[in-house]
Amino acid sequence: MVGASGKVVAVEAHPATYAKLERVCRLNDLRNVELFHAAVMDSNEPVTISDLDAEEYLVNKIGTDGVQVPAVTIPDLVAKLQLDRIDLLKMNIEGAEVPALRGARDVLPIVRHAAIGCHDFLADETGDESYRTKDAVRDMLVAAGFTVTSRDGDPRPWAADYLFASR
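Not measured: the values here are computed from a predicted model.

(A) Fine view of the packing of aromatic side chains. Evaluation of the coordinates by the stated rule reveals one aromatic pair. For the pair Y162 and F164, a centre-to-centre distance of 5.9 Å together with 20° between the ring planes defines the contact as stacked. The cationic tip of R167 hangs over the ring face of F146; the distance from NZ or CZ to the ring centre is 3.8 Å.

This is how it looks when you write it as structure tokens:
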């Protein structure tokens, strides 16, 4: 969708999912996709993420058990890739949205649009309040100058927790 001159930067933390992403890009000859195997956070310190099957997404998150992966901040990606703008920042990182956005404060002004998947529905389902990020994410986006909308009435809980931001 970005066309021949556009660039897609894809960051994936889980090693198995990253390997699948690499394979999809290779098989489809996607030459304008730059891949990074890392967790997007507010520091470059490695993090531990759960190492579970896709079906066990309800407990897939950053924690103390699992597999250690490198971390990267959005400003470091922007600097490494020499980006002067981000047309769409799409994020779905299982409750780590707040540290990722906190680490990105300095570069949020170059972001035009964002779609952030929050996971408050998982807090409701599991009782784990660390998934409840929607209000904090909304506040961070508004403070960065975005107009933020959501689909609060959507009957699909995961869809109702998405935030859409634009300038």
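(B) Looking closely at the pattern of salt bridges. Scanning the model with the defined rule gives nine salt bridges in all. The shortest N-O distance in the salt bridge between R112 and D87 comes to 3.3 Å. Of the two residues, R112 is situated in strand β9 (residues 111-117) and D87 in strand β8 (residues 86-92); the sequence distance between them amounts to 25 residues. We classify R112 as partly exposed; its relative accessible area is 42%. Take D87: its relative accessible area is 35%, and that puts it in the partly exposed class.

(C) Spotlight on unusual backbone geometry. A positive phi angle, close to 50°, is found at D29, a residue other than glycine. The residue D29 is located in the loop between α1 (15-27) and β2 (33-37) in this model. A relative accessible area of 45% places D29 in the partly exposed class. Even without a glycine there, the phi angle at Q82 is positive, about 55°. Summarising the element assignment, Q82 is placed in the loop between α2 (74-81) and β8. Since its relative accessible area comes to 71%, Q82 is described here as exposed.

(D) Looking closely at the pairing of β2. Alignment of strand β1 (residues 8-12) against β2, held across five bridges, turns out to be parallel. Bridged to V11 within β2 is F36. Once the chain exits β1 it traverses α1 before rejoining the sheet at β2, and the crossover so formed is right-handed.

(E) View of the sheet that holds β8. On the basis of which strands lie adjacent, the open sheet formed by four strands has the order β8-β9-β11-β10 and mixed pairing. Lying at the two open borders of the sheet, with one neighbouring strand each, are β8 and β10 (147-150). Averaged over neighbouring strand pairs, the angle between their axes works out to 15° when direction is ignored. When β9 meets strand β11 (residues 162-166), the two strands line up antiparallel, connected through five bridges. In the sheet register, I116 faces β11, and the bridge partner there is L163. Contacting β9, β10 and β11, helix α5 (residues 134-143) runs over the sheet at an angle of about 150° to β10.

(F) Structural context of the nonpolar core. Residues I74, L89 and V137 are the most contacted members of the largest nonpolar core, which totals 28 residues. Residue assignment for this core shows that the elements contributing at least two residues are α2, β8, α3 (97-102), β9, α5 and β11. Considering every element that reaches this core, the biggest residue donor is α2, with four residues.

(G) Region of the structure containing the pairing of β11. Strand direction decides the pairing type here: β10 and β11, joined by four bridges, are antiparallel. When the bridges of β11 are listed, T149 appears paired with F164.

(H) Expanded view of the environment of L122. With respect to the helices and strands, the residue L122 is situated in helix α4 (residues 120-126). What makes L122 buried here is its relative accessible area of 0%. L122 sits 16 residues away from R138 along the chain, and the two C-alpha atoms are 17 Å apart.

Scoring rules and cut-offs
- Starting from 1, residues in each chain are numbered consecutively following that chain's sequence as written.
- Totals for whole chains, interfaces and linings use all residues, but because this is a predicted model, local features are given only for residues with pLDDT of at least 70 and pairs of side-chain atoms are given and counted only at 80 or more.
- Side-chain measures here rest on the full set of heavy atoms in the structure, leaving out hydrogens and waters.
- Classification of ring pairs rests on two measures: the distance between centres of Phe, Tyr or Trp rings, Trp counted by its six-membered ring, which must be within 6.5 Å, and the angle between planes, read as stacked under 30 degrees, edge-to-face over 60 and tilted in between.
- The rule for a charge over a ring is simple: NZ of Lys or CZ of Arg within 6 Å of the ring centre, and within 35 degrees of the ring normal.
- Salt bridge, as used here, is a side-chain nitrogen of Lys or Arg placed within 4 Å of a carboxyl oxygen of Asp or Glu.
- To qualify as a helix, a DSSP run of H or I must reach at least 4 residues; to qualify as a strand, a run of E must reach at least 2; elements of each kind are numbered from the N terminus.
- Exposure is judged per residue with a 1.4 Å probe applied to protein chains only, and the accessible area is read against the type maximum: over 50% gives exposed, under 20% gives buried, and values in between give partly exposed.
- Criterion used throughout: strands pair if DSSP finds at least two bridges between them.
- Handedness of a crossover is defined as follows: with both strands directed away from the viewer, a clockwise route from the first strand across the helix to the second makes it right-handed.
- Note on definitions: angles span 0 to 180 degrees between N-to-C directions of axes, and those axes are lines fitted to C-alpha atoms, for helices only across the stretch in contact.
- In what follows, a contact means two residues having at least one pair of non-hydrogen atoms within 4.5 Å.
- Residues grouped as a nonpolar core are buried Ala, Val, Leu, Ile, Met, Phe, Trp, Tyr and Cys residues, joined through side-chain atoms within 4.5 Å.

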